[in-house]
Amino acid sequence: MAEKADKKNFFEDVYEVVRLIPKGRVTSYGSIASYLGSKGSARMVGWALIASHPHSKIPTHRVVNRVGMLTGKQHFDEPNAMQERLEQEGIKVENNQVVDFEKLFWDPAKELL
DNA sequence: AGGCTGACATCGT
DNA sequence: AACGATGCCAGCC
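Just so it is clear, the structure is predicted and the values come from calculations on it, not from any experiment.

Caption draft 1: How the structure looks around helix α2 (residues 29-36). Buried residues dominate α2, accounting for six of its eight residues. The complete set of buried residues in α2 reads Tyr29, Ser31, Ile32, Ala33, Tyr35 and Leu36. One or two residues past the end of α2 sits Gly37, with phi positive at roughly 95°.

This is the structure:
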């Protein structure tokens, strides 16, 4: 039985990938979307994170856009929580932007492969 | 029923 | 190289 890529599976897949992000590392929406096979639909990844927000068991603060900007911090219970947590993991954040983002970048399509 | 928005990314000019 | 416009898919008005 071929695993049908149900939409629900898409969300769960996002959760799994985000949850597998190593501490002190960050990833981008596009990379996750591409890893899921929905390249281009990075927006859905963001939507999935919103849906995962109530779940709360997902380090969604480790997911940023391809520039390393904390675009979604505004959606946290507390906007500062995202940056605080990133710094807590050893990630430096300046002006809502991850420092050395490309160095901390964690690509599921390569690392998780 | 149709159209807009949205935690983004990529293509085109 | 930088800016503008379009695409993706789902939810909401």
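So that's the structure; there's more coming.
Caption draft 2: Geometry of unusual backbone geometry. Here Asn95, not a glycine, exhibits a phi torsion of approximately 55°, which is positive. Examined against the element boundaries, Asn95 turns out to sit in the loop between β3 (93-94) and β4 (97-98). Although it is not a glycine, Asn96 sits at a positive phi angle of roughly 60°. By the secondary structure assignment, Asn96 is in the loop between β3 and β4. Judged by C-beta crowding, with 15 C-beta atoms within 10 Å, Asn96 ranks as partly exposed.

Caption draft 3: Structural view of helix α3 (residues 42-52). Buried within α3 are the following residues: Val45, Gly46, Ala48, Leu49 and Ser52. Taken around the axis of α3, the buried residues stretch over an arc of 155°, which confines them to a single face. Away from its buried face, by an angle of more than 90 degrees, α3 presents the exposed residues Arg43 and Ile50.

Caption draft 4: Quick peek at the nonpolar core. By size, the foremost hydrophobic cluster in this structure holds 23 residues, and its most contacted members are Val14, Val18, Ile32, Val45, Ile91 and Val98. When residues of this core are traced back to their parent elements, those giving at least two are α1 (7-19), α2, α3, β2 (63-64) and α4 (79-88). For this core, the element with the highest residue contribution is α2, accounting for five residues.

Caption draft 5: Local environment of the packing of α2 against α3. Where α2 meets α3, the closest approach of the two axes is 8 Å, and the angle between their N-to-C directions is 100°. If you check the angle between α2 and α3, you find them roughly perpendicular. Contacts from Tyr29, Gly30, Ile32 and Ala33 in α2 reach Ala42, Met44, Val45 and Gly46 in α3. Of the residues in the contact of α2 with α3, the class split is six nonpolar, two polar and no charged.

Caption draft 6: Local environment of the protein's contact with DNA strand B. Contacts to DNA strand B come from 17 residues, most closely from Gly30, Gly46, Leu49, Arg66 and Gly72. Residue assignment for the surface near DNA strand B shows that the elements contributing at least two residues are α2 and α3. Taken together, the residues of the surface near DNA strand B sort by class into five nonpolar, ten polar and two charged.

Caption draft 7: Representation of the environment of Gln83. Take Gln83: it is sitting in helix α4. A C-alpha to C-alpha distance of 7.7 Å links Gln83 and Lys73, two positions ten residues apart in sequence. In contact with Gln83, other than residues within four places in its own chain, are Leu70, Lys73 and Val93.

So, how was this worked out
Residues numbered from 1 in each chain as written. Chains lettered and ligands numbered in written order. Predicted model: local features only at pLDDT ≥ 70, side-chain atom pairs only at ≥ 80, totals over all residues. Buried ≥ 20, exposed ≤ 12 C-beta atoms within 10 Å, placed from the backbone. Helix = DSSP H or I, 4+ residues; strand = E, 2+ residues; numbered from the N terminus. Arc of directions from axis to C-beta. Core = buried A, V, L, I, M, F, W, Y, C linked by C-beta atoms within 7 Å. Axes fitted to C-alpha atoms, helices over the stretch in contact; angles between N-to-C directions. Parallel < 35°, antiparallel > 145°, perpendicular 65-115°, else oblique. Contact = placed C-beta atoms within 7 Å. Nonpolar A, V, L, I, M, F, W, Y, C, P; charged D, E, K, R; others polar. Near = placed C-beta within 6 Å.

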